[in-house]
Amino acid sequence: MSTAEQPEPHGTPDAPDAPGTLLGAADIRELAAVLGVRPTKQKGQNFVIDANTVRRIVRTAEVRPDDVVVEVGPGLGSLTLALLEAADRVTAVEIDDVLAAALPATITARMPQKADRFALVHSDALHVQELPGPPPTALVANLPYNVAVPVLLHMLDRFPTIERTLVMVQAEVADRLAARPGNKVYGVPSVKANWYADVKRAGAIGRNVFWPAPNVDSGLVALTRRTEPVKTTATKAEVFAVVDAAFAQRRKTLRAALAGWAGSAAAAESALVGAGISPQARGEGLTVEEFARIAEHKPAAERAAL
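Residues numbered from 1 in each chain as written. Predicted model: local features only at pLDDT ≥ 70, side-chain atom pairs only at ≥ 80, totals over all residues. Heavy atoms only, no water.

Draft legend 1. Structural context of unusual backbone geometry. In this structure, the amide linkage connecting Trp211 to the following residue, Pro212, adopts the cis form with an omega of -10 degrees. Among the structural elements, Pro212 can be located in the loop between strand S8 (210-211) and strand S9 (218-225). The phi torsion at Glu62 lies on the positive side, around 55 degrees, for a residue other than glycine. In this structure, Glu62 sits in the loop between helix H2 (51-60) and strand S2 (68-72). For Glu62, a relative accessible area of 55% puts it in the exposed group. (Helix = DSSP H or I, 4+ residues; strand = E, 2+ residues; numbered from the N terminus. Buried < 20%, exposed > 50% of the residue type's maximum accessible area, 1.4 Å probe, protein only.)

Draft legend 2. Structural view of the sheet that holds strand S6 (residues 164-170). What the seven strands build is an open sheet, ordered S4-S3-S2-S5-S6-S9-S7; its pairing is mixed. Whereas interior strands pair on both sides, the edge strands pair on one side only; in this sheet they are strand S4 (118-122) and strand S7 (197-205). Between one strand axis and the next, the sheet turns through 20 degrees on average, direction left out of account. Packing against the sheet, helix H5 (residues 148-158) makes contact with S2, strand S5 (138-142), S6 and S9, and its axis sits at approximately 170 degrees to S6. Docked against the sheet, helix H7 (residues 188-196) engages S7 and S9, running at close to 120 degrees with respect to S7. (Pairing = 2+ DSSP bridges. Axes fitted to C-alpha atoms, helices over the stretch in contact; angles between N-to-C directions. Contact = heavy atoms within 4.5 Å.)

Draft legend 3. Main features of H7. Counting buried positions along H7 gives seven out of nine residues, so the element sits mostly inside the fold. Listing the buried residues of H7 in full gives Pro189, Ser190, Val191, Lys192, Ala193, Trp195 and Tyr196. Buried residues along H7 sit against H5, helix H6 (171-178), S7, S9, helix H8 (236-248) and helix H12 (288-296).

Draft legend 4. How the structure looks around the nonpolar core. One finds Leu143, Leu223, Val239, Leu258, Phe291 and Ile294 to be the most contacted residues of the largest nonpolar core, which totals 60 residues. Ignoring any residue separated from it by four or fewer positions in sequence, one finds Phe291 in contact with Val191, Val239, Val242, Val243, Ala246, Phe247, Gly283 and Leu286. Core analysis: the next-biggest nonpolar cluster, separate from the first, contains 41 residues, Ala82, Ala92, Met111 and Ala138 among them. (Core = buried A, V, L, I, M, F, W, Y, C linked by side-chain atoms within 4.5 Å.)

Draft legend 5. Structural view of the pattern of salt bridges. A complete count under the given rule lists 15 salt bridges for this structure. Residues Asp27 and Arg110 are paired through a salt bridge, measuring 3.2 Å at the closest nitrogen-oxygen approach. Taken together, the residues Asp27 in helix H1 (residues 25-35) and Arg110 in helix H4 (residues 97-110) connect sequence positions 83 residues apart. Since its relative accessible area comes to 24%, Asp27 is described here as partly exposed. (Salt bridge = Lys/Arg side-chain N within 4 Å of Asp/Glu carboxyl O.)

Draft legend 6. Local environment of the packing of aromatic side chains. Scanning the model with the defined rule gives five aromatic pairs in all. Relative to Trp211, the ring of Phe47 has its centre 6.2 Å away and its plane inclined at 40 degrees; by these criteria the two rings are tilted. In this pair, Phe47 is assigned in strand S1 (residues 47-48) and Trp211 in strand S8, connecting sequence segments 164 residues apart. Judged by centre distance (6.2 Å) and plane angle (70 degrees), the rings of Tyr186 and Phe247 are edge-to-face. (Phe/Tyr/Trp six-rings, centres within 6.5 Å; stacked < 30°, edge-to-face > 60°.)

Draft legend 7. Here's a closer look at the pairing of strand S3 (residues 89-94). Burial analysis of S3 places five of its six residues in the buried class, which makes it a mostly covered element. In the sheet, S2 pairs with S3 via five bridges, with the strands oriented parallel. Of the residues in S3, the one forming a bridge with Val68 is Arg89. In terms of handedness, the path from S2 via helix H3 (residues 78-86) over to S3 forms a crossover that is right-handed. Strand direction decides the pairing type here: S3 and S4, joined by five bridges, are parallel. Bridging from a neighbouring strand, Glu94 pairs with His122 of S4. For the crossover that starts at S3, traverses H4 and ends in the parallel S4, the hand is right-handed. (Right-handed = clockwise from strand over helix to strand, strands pointing away.)

Draft legend 8. Summary view of the side chain of Glu94. You can see Glu94 is positioned in strand S3. On the basis of relative accessible area, Glu94 is assigned to the buried category, the value being 5%. Here the side chain of Glu94 touches Gly75 through a polar contact of 3.0 Å, landing on its backbone nitrogen. A distance of 2.9 Å separates a polar side-chain atom of Glu94 from the backbone nitrogen of Asp96. Once you skip the residues sitting within four places of it in the chain, Glu94 turns out to touch Gly73, Pro74, Gly75, Leu99, Ala100, Leu120, Val121, His122 and Ser123. (Polar contact = N/O pair within 3.5 Å; in protein donor to acceptor, adjacent residues only side chain to side chain.)

No statement about biological role is implied by the geometric values presented.
Below, the structure written as structure tokens:
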């Protein structure tokens, strides 16, 4: 973590909140006890127990009164309640049976005036193909670390109306998502996220605002949907195939790394030269637009087989 990305000061996890609204540390533990919930590493569950932190997330996400927000992994509802304070509607996607069953009751008890503006989708976010109500305009989520990137990319792909996204992920993943070409952590998540959006780091989150406290730091990543898609005649699948191939052997030159993708090293070199890319370059130095140009120059027979 760079000095610029040190966690911002925040209230202690047990700081008092507006009664009957947001969940504090004691509320979270009491609710978990009633439900018999014990957070598990397998499901990547780390519940936010600090109301100041969830309000900070909502502010950083620039949630507006007319926003329709989709939240993935709401857990016990800490962030959900803060989102409902600020947005027009919130749809939460929760995979856990117990948490999904309990969340509507928590919303009704804590924020009855907004209960009819809340919807729950009990599903694995990776399998969600549609959402109830108006199309979402924003995605705000504390994403489980083990599936953060696939879930983020799926939601951006499936719901093109999402204009703004703010996700809390493991700090290392945040760095990868926001990395620029030439950075040592620039890779597949960086390029694929940039296909959909402009991506930047938006802050850091301390470990002690979670229960249980994770063994890693967390970071916020802000994504703003591209106003114009990447200009290319290649499909997303074709571009992503180049990206995957380039970083599968990231230490190799693109001529070597893309040999399997193109059919041979010679064919890879031909595609690279046609795209205006040096065959001796490496994937970590290329923009998403450059990957798209390479995809456009894939040998016809190989491209047809994709």
